[in-house]
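# Overview (structure and organization)
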Amino acid sequence: MATVQEGLEGVVALESDVCSIVDGVLRYRGYAIDDLAANVSFEECAWLLLHEDLPASAEAAAFRRELDGEWSVPPGVIQGLHLLPKGVVPMAALRTAVSLLGHFDPEAESMSPEANHRKAVRLLAKTGPVIGAFDRIRKGLEPVPARAGKSIAWNFLWCLFGKEPTATQEKSIDVALVLHAEHELNASTFCARQTASTLSDLYSAVVSAIGALKGPLHGGANEQVMEMLTRIGPDADVEAWLDQALARKEKIMGFGHRVYKTGDPRARWLHEMSGRLTKGTPHEAFFRTSERLERLMASKKRLLPNVDFYSATTYAALGIPTDLFTPIFVLSRTAGWCAHVLEQYGDNRLIRPRAEYVGAPDRVVTTLAKRG
């Protein structure tokens, strides 16, 4: 009998040079996440993931020119967003919009490396404006087109709010995008690679990944963190709330991670960012509640925050609606997904695991007439 690893925990499914998590250190192509978050823009980070090393000055400038040529969202995609029923959740809308983007890409079915790189750039440029367009449409506002010469972070905030972001706001989103850009063979990345392994197109692979990220046990956790903090309330007895929640065996969102035993390195960056952005604002109370909850979870359950925990108060302090937290994850992780899909295409083998059958033993069919 084969050994079943539930949730594929500990199973090494493939080799990759995109990302590593060793002894609690997250690295993109060999660069530690702390080094990247402190020193590179998201555009440089995306180039690194797609091209295997950080760009030289000329390459960085050329990449920004590529993005400038791809900001525009096809009118058919905007029309599709207008046709969505009221109440559609943003991740479902984004899943549909990315699929629509494939229909308007003349290279959608081309499998050449050059075409796939161009499709990756298009997705990186258009995802932020698509998120902004959806949010504005559902509020009865007209979408705002992205501006050339601006960063992915800047254009995301511009297309969302329709006003120029401050340097602090732009930098905060930019760092958050770097932190979320890649995370080895997580659930959504595995879905992207599995779809790509059938030699389906890049858009289909990314749509598969979005479907996986939509779940509350993956990308959707950051939204649930903010909802949890709201339920606790700014003036509550946090320890009493936690004790009651643990007694009910509730999952405390934003804590623990399967591959980090000494803490998620990304959480430290978001903790500092959240404290800075919420200071002196109504959201500071949520930040203080978060810190109290962090200390209590460490003492009571020996669990530490993951990337979702402080990203919730960070995004809330920037005025971003709670149900757009996970779409921001998509905006960032598209870089990592595309890097993995390109790697899969480069040395492909169909991903087809087996299942251990535990159903009924051998049975013999009787005719319908004899089954009563």
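These lines cover the structure that appears in this document, whether it is placed above or below. Not measured: the values here are computed from a predicted model. (Residues numbered from 1 in each chain as written. Predicted model: local features only at pLDDT ≥ 70, side-chain atom pairs only at ≥ 80, totals over all residues. Heavy atoms only, no water.)

## Comments concerning the overall build of the chain
When helices and strands are counted, the chain shows 16 helices and three strands. Compactness check: the chain gives a C-alpha radius of gyration of 22 Å against a globular reference of 21 Å for 372 residues, within 12% of the reference. C-alpha extents for the chain along the principal axes are approximately 75 × 55 × 45 Å. Residues counted as buried form 50% of the 372 residues belonging to the chain. Considering only intrachain contacts with a sequence separation of at least 6, the fraction spanning at least 24 residues in the chain is 75%. Of the roughly 18,100 Å² of accessible surface on the chain, a fraction of 53% belongs to carbon and sulfur atoms. The distance from the centre of the 42 positive side-chain charges to the centre of the 45 negative ones in the chain is 6 Å. (Helix = DSSP H or I, 4+ residues; strand = E, 2+ residues; numbered from the N terminus. Rg over C-alpha atoms; globule rule 2.2 N^0.38 Å. Buried < 20%, exposed > 50% of the residue type's maximum accessible area, 1.4 Å probe, protein only. Contact = heavy atoms within 4.5 Å. Areas by Shrake-Rupley, 256 points an atom, 1.4 Å probe, with all protein chains shown as cover. Lys, Arg positive; Asp, Glu negative; His and termini not counted. Charge placed at Lys NZ, Arg CZ, Asp CG, Glu CD.)

## Quick word on helix H8 (residues 167-180)
Taking 1.5 Å of rise per residue, the 14 residues of H8 would be expected to cover 20 Å, and the 20 Å separating its terminal C-alpha atoms lies within 8% of that figure. Turning to H8, its buried residues number three or more, namely Ser-172, Ile-173, Asp-174, Val-175, Ala-176, Leu-177, Val-178, Leu-179 and His-180. (Expected span 1.5 Å × (residues − 1).)

## Describing the pairing of strand E2 (residues 25-28)
Burial of E2 is one-sided: the residues Leu-26 and Tyr-28 facing one way are buried, the residues Val-25 and Arg-27 facing the other way are not. Bridge count between strand E1 (residues 19-22) and E2: four bridges; the pairing is antiparallel. Its bridge partner lying in E2, Cys-19 is registered against Tyr-28. A loop of two residues connects E2 with strand E3 (residues 31-32), the two strands running antiparallel in sequence, and Arg-29 in this loop sits at a positive phi of about 50°. (Pairing = 2+ DSSP bridges.)

## Considering the packing of helix H9 (residues 187-197) against helix H10 (residues 202-213)
Running from N to C, H9 and H10 cross one another at 150°; their axes reach a closest spacing of 7 Å. Taken together, H9 and H10 sit at an angle that is classed as roughly antiparallel. For the crossing formed where H9 meets H10, the hand is right-handed. Residues Ala-187, Ser-188, Cys-191, Ala-192, Thr-195 and Ala-196 of H9 form the contact with H10, whose participating residues are Ser-204, Ala-205, Ser-208, Ala-209, Ala-212 and Leu-213. (Axes fitted to C-alpha atoms, helices over the stretch in contact; angles between N-to-C directions. Parallel < 35°, antiparallel > 145°, perpendicular 65-115°, else oblique. Left-handed = near helix turned anticlockwise from the far one by under 90°.)

## Regarding the packing of aromatic side chains
For the coordinates displayed, the defined rule picks out six aromatic pairs. Between the aromatic rings of Trp-154 and Trp-158, the centroid separation amounts to 5.6 Å while the plane-to-plane angle is 25°, which identifies the pairing as stacked. Placement of both Trp-154 and Trp-158 in helix H7 (residues 152-161) is noted, with a separation of four residues, approximately one turn of the helix. Centre to centre, the rings of Phe-309 and Tyr-310 are 4.9 Å apart; their planes meet at 80°, and the pair counts as edge-to-face. Of the two residues, Phe-309 and Tyr-310, neither departs from the other in class, the shared state being buried. Put simply, the rings of Phe-255, Phe-287, Phe-309 and Tyr-310 touch in pairs and so form one group of aromatic residues. One residue, Arg-147, lies across the ring of Trp-158, its end atom 4.2 Å from the ring centre. The cationic tip of Lys-150 hangs over the ring face of Trp-154; the distance from NZ or CZ to the ring centre is 4.8 Å. (Phe/Tyr/Trp six-rings, centres within 6.5 Å; stacked < 30°, edge-to-face > 60°. Lys NZ or Arg CZ within 6 Å of the ring centre and 35° of its normal.)

## Here we look at the sheet that holds E3
The strand order across the open sheet formed by three strands is E1-E2-E3, and the pairing between neighbours is antiparallel. One side of each edge strand has no neighbouring strand; the edge strands of this open sheet are E1 and E3. Bridge count between E2 and E3: two bridges; the pairing is antiparallel. Opposite Tyr-28, over in E3, you have Tyr-31 as the bridge partner.

## Quick notes on the pairing of E1
Residues of E1 alternate between two faces, with Cys-19 and Ile-21 buried on one and Ser-20 and Val-22 left unburied on the opposite face. Counting the residues that bridge the hairpin from E1 to E2 gives two residues, and of these Asp-23 lies at a positive phi of roughly 50°.

## With respect to the packing of helix H13 (residues 265-278) against helix H15 (residues 307-317)
Running from N to C, H13 and H15 point in directions that differ by 25°, and their axes come no closer than 8 Å. Relative to H15, the element H13 is oriented roughly parallel. For H13 against H15, the interelement crossing comes out left-handed. Contacts between H13 and H15 involve Arg-266, Ala-267, Leu-270, His-271, Met-273, Ser-274, Leu-277 and Thr-278 on the former and, on the latter, Val-307, Tyr-310, Ser-311, Thr-313, Thr-314 and Ala-317. Grouping the constituent residues of the contact of H13 with H15 by class yields seven nonpolar, six polar and one charged. (Nonpolar A, V, L, I, M, F, W, Y, C, P; charged D, E, K, R; others polar.)

## Brief notes about the side chain of His-183
In this fold, His-183 is placed in the loop between H8 and H9. Take His-183: its relative accessible area is 5%, and that puts it in the buried class. Within the local environment of His-183, its side chain forms a polar contact with the side chain of Arg-266, the two groups lying 3.3 Å apart. Leaving out residues up to four positions away in the same chain, His-183 has contacts with Cys-19, Ile-21, Leu-26, His-257, Val-259, Tyr-260, Arg-266 and Arg-333. (Polar contact = N/O pair within 3.5 Å; in protein donor to acceptor, adjacent residues only side chain to side chain.)

## Let's talk about the nonpolar core
In this structure, Tyr-28, Leu-293 and Ile-320 are the most contacted members of the largest nonpolar core, which totals 104 residues. A total of twelve residues in this core trace back to one element, the largest contributor, which is helix H16 (residues 325-346). (Core = buried A, V, L, I, M, F, W, Y, C linked by side-chain atoms within 4.5 Å.)

## Concerning the environment of Ser-57
With respect to the secondary-structure elements, Ser-57 resides in helix H3 (residues 57-68). On a C-alpha basis, the gap between Ser-57 and Glu-44 in space is 9.9 Å, while along the polypeptide they are 13 residues apart.

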